[in-house]
Amino acid sequence: MTVHQVKVALGERSYSVLVGHGAINQIDNFVPKLAKRALVVTQKNIPIQPTLKIESTTVFIGDTEEHKSLTTIEMLAQKFAEFGLTRNDVVIGVGGGMVTDVAGFAAASWHRGTSVVHVATSLVGMVDASVGGKTGVNIASGKNLVGAFWQPLGVICDLDALETLTQREMRCGLGEVAKYHFLTGDDLLALEMPARIARCVEIKANIVSADERESGGRALLNYGHTLAHALERSSNFMMAHGEAVAVGMIFAAHVAHSMKRISQARVDEHYRVIGETYGLKVKPDEIINRRELIGLMHLDKKAVSGLTFVLDGPSGIEVVSGVSEMHLEQAFDAMRLNEK
Ligand SMILES: NC(=O)c1ccc[n+]([C@@H]2O[C@H](COP(=O)([O-])OP(=O)(O)OC[C@H]3O[C@@H](n4cnc5c(N)ncnc54)[C@H](O)[C@@H]3O)[C@@H](O)[C@H]2O)c1
Ligand SMILES: [Zn+2]
């Protein structure tokens, strides 16, 4: 079985991402030579677990975002201490993005930095969360507000895990896959699933290599995310992230068209790729409140002056600030949404 290998080039912090069926069997490649112990962080319903040559133990964390918390980090640190985990040992996060964000942050702070390896088991985890070194947890004031950049020693995307993923979780990942389609203009559809996921990882890896700490190009990964974050919040998170990103990219295409940055044909391509190819919804089921969404978009953390959007244009996708409300209104009109 082919296992694709993608390199994340970050100087001495470079690492590989292995993508393929059964890739988890290659985990030993990523366990540091000096490590005597491995502590696996995972959840009860994760279908695959690594078999390790060194002494190991498994700690289960709760499911859902509310467990992506400092309480969970403290619990893990206590388990690390009881297990006698040293700086030479390794933490292994096995799960979706929630698990790898938590395991990564726990490892980043344990003894001020202990090695971590990620085994991504959800599509979001594979094409997005496990690669790039952003780790962290939520607090009452917001998502991912406490965290650290902490690159893993390696990442494994074992496609066998996807068999048990729910349709909804799958759609969440497809929203991000569709995003990569627009970021590069690559014909991702021509690729078989393993190669397609590997190509998505490569696109993310290239963006991260060029801008590890998001001082520039890494912000492009937020394509579709400005409206998406507002939709998630206004729906009380009933709308899943990837579904919201799909609608957010349609909206961004209309905004770009209204600003005369792209043609109607390019807007149509967004509908085709997102709606037909990836089978994602191109507008929310629910009635929306335009004023509320615009208000929430103003709160988006990227907003430095006026509204900042990631928009398609003649020279590709780029960060555009100072987007006027008139263009947002025109985009909402063009989407013909059911409104309050
Ligand atoms: N660090 C980053 O760069 C980055 C990027 C994107 C998202 N994220 C974070 O990732 C999280 C979202 O990731 P997610 O969508 O994977 O959510 P998740 O980790 O919460 O997983 C969703 C659900 O699927 C289950 N699951 C995971 N793999 C499974 C499998 N193979 N079979 C059956 N069930 C499985 C999980 O237990 C969970 O119930 C959020 O916390 C988000 O903030 C981080
Ligand atoms: Zn996203």
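This is a predicted model, so every value here is computed, not measured.

Asker: Could you clarify how one ought to interpret the domain arrangement of the protein chain in this entry?
Answerer: A common way to express how large an interface is: the accessible area buried when the components associate. Here the domain parsing of the protein chain yields domain 1 (4-168) and domain 2 (223-335). Using only C-alpha atoms to locate each centre, domain 1 and domain 2 end up separated by 31 Å.

Asker: Help me understand the site of ligand 1 in this model?
Answerer: Every one of the 28 residues lining ligand 1 counts as a neighbour, but Gly96, Gly97, Met98, Ser122 and Val124 are closest to it. Of all the elements in the fold, those that place two or more residues in the shell around ligand 1 are α2 (97-109), α3 (123-129), β8 (142-149) and α4 (167-184). Considered class by class, the residues forming the shell around ligand 1 number nine nonpolar, eleven polar and eight charged.

Asker: What is the right way to look at the nonpolar core in this model?
Answerer: Within soluble globular proteins, side chains that are nonpolar tend to cluster in buried spots. Among the nonpolar cores identified, the biggest contains 99 residues, and Cys157 and Val201 are the most heavily contacted of them. Here this core spans two domains, and each of domain 1 (4-168) and domain 2 (223-335) adds at least three residues to it. With residues near it in sequence (within four places) discarded, cysteine 157 still touches Val17, Leu18, Val19, Ala23, Ala120, Met126, Ile197 and Val201.

Asker: Help me understand unusual backbone geometry, please; the structure alone is not making it clear to me.
Answerer: Across the chain, the bulk of peptide bonds are trans and the bulk of non-glycine residues have phi less than zero. A positive phi is found at asparagine 144, a non-glycine position, where the angle reads about 55°. Here asparagine 144 is to be found in strand β8. One non-glycine residue, arginine 336, lies in positive phi territory at about 45°. Position of arginine 336 among the secondary structure elements: in the segment after α10 (325-335).

Asker: Help me out: how do you make sense of the pairing of strand β2 (residues 15-20) in this one?
Answerer: Along β2, five of the six residues are buried, which leaves the element largely enclosed by surrounding structure. Pairing between strand β1 (residues 4-8) and β2: five bridges, direction antiparallel. Considered in β2, the bridge of histidine 4 is made with valine 19. The antiparallel hairpin formed by β1 and β2 contains six residues in its connecting segment, where glycine 11 sits at a positive phi of about 55°. In this sheet, strand β9 (residues 154-158) lies alongside β2 in parallel orientation, the contact comprising five bridges. Note that in β9 the partner of valine 17 across the bridge is valine 155.

Asker: What is the right way to read the sheet that holds strand β3 (residues 37-42) from this model?
Answerer: Paired through their backbone hydrogen bonds, the strands of a sheet run either parallel or antiparallel. With mixed pairing, the seven strands of this open sheet are ordered in space as β1-β2-β9-β6-β5-β3-β4. For this open sheet the edge positions go to β1 and β4 (55-60), each flanked by a neighbour on one side alone. Across this sheet, the average inter-strand angle for adjacent strands is 20°, counted without regard to direction. Helix α1 (residues 70-83) contacts β3 and β4 of the sheet and is inclined by roughly 155° relative to β3. This element, helix α5 (residues 193-210), spans β1, β2 and β9 of the sheet and lies at about 10° to β1.

Reading the values: the criteria
- Residues numbered from 1 in each chain as written.
- Chains lettered and ligands numbered in written order.
- Predicted model: local features only at pLDDT ≥ 70, side-chain atom pairs only at ≥ 80, totals over all residues.
- Domains from an automatic or database assignment.
- Near = placed C-beta within 6 Å.
- Helix = DSSP H or I, 4+ residues; strand = E, 2+ residues; numbered from the N terminus.
- Nonpolar A, V, L, I, M, F, W, Y, C, P; charged D, E, K, R; others polar.
- Core = buried A, V, L, I, M, F, W, Y, C linked by C-beta atoms within 7 Å.
- Buried ≥ 20, exposed ≤ 12 C-beta atoms within 10 Å, placed from the backbone.
- Contact = placed C-beta atoms within 7 Å.
- Pairing = 2+ DSSP bridges.
- Axes fitted to C-alpha atoms, helices over the stretch in contact; angles between N-to-C directions.

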